[in-house]
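Understanding the architecture of this molecule
Each chain, written out:
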Amino acid sequence: MDVCLGIPGRVIEVHPEEQTAVIETFGVKNRVSTFFVPDVRVGDYLMVHTGYAIEKINVEEAEIRIKLLEEVLGNAVPGEVSGPGPQ
């Protein structure tokens, strides 16, 4: 089974002529494609996967997802990868 992970980010810049936006997540800024999500504005929250915004989410949903990611990442051990499948 393949698993996709979308990362929430707050829009800090919009470049409609290029169909891109700059988002910030955990203090990291990334330029992403907004091709699949119309009418993106500064302050919006987007779910992003592999450099593409895949949906807009509201602030409450973004906060929940960010908190979950913080918990998961907070429990991670650098250099270790685990999950289903052969180890």
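Report on the accompanying structure. (Residues numbered from 1 in each chain as written. Predicted model: local features only at pLDDT ≥ 70, side-chain atom pairs only at ≥ 80, totals over all residues. Heavy atoms only, no water.)

1. A short note on the environment of Ala21
Here Ala21 is to be found in strand S2 (residues 20–25). We classify Ala21 as buried; its relative accessible area is 0%. Each C-alpha atom, one on Ala21 and one on Ser33, is 6.5 Å from the other, the two residues being 12 residues apart in sequence. If sequence neighbours within four positions are ignored, Ala21 has contacts with Val11, Glu13, Val14, Asn30, Arg31, Val32, Thr34 and Val40. (Helix = DSSP H or I, 4+ residues; strand = E, 2+ residues; numbered from the N terminus. Buried < 20%, exposed > 50% of the residue type's maximum accessible area, 1.4 Å probe, protein only. Contact = heavy atoms within 4.5 Å.)

2. Digging into the environment of Glu18
Locating Glu18 in the fold gives a position in the loop between strand S1 (7–15) and S2. For Glu18, a relative accessible area of 46% puts it in the partly exposed group. In sequence terms Glu18 and Thr34 are 16 residues apart; their C-alpha atoms lie 8.7 Å from each other.

3. Describing the packing of aromatic side chains
Aromatic rings in a pair are described by how distant their centres are and how their planes are angled relative to each other. With the rule as written, the count across this model stands at 2 aromatic pairs. Arranged with centres 5.7 Å apart and planes meeting at 50°, the rings of Phe36 and Tyr52 form a pair that is tilted. Of this pair, Phe36 sits in the loop between strand S3 (28–33) and strand S4 (45–49) while Tyr52 sits in strand S5 (residues 52–57), and the two are 16 residues apart along the sequence. The exposure class assigned to Tyr52 is partly exposed, which follows from its relative accessible area of 39%. Of the aromatic side chains, those joined through ring pairs into one cluster are Phe35, Phe36 and Tyr52. (Phe/Tyr/Trp six-rings, centres within 6.5 Å; stacked < 30°, edge-to-face > 60°.)

By themselves, these are just geometric observations and shouldn't be taken as functional.
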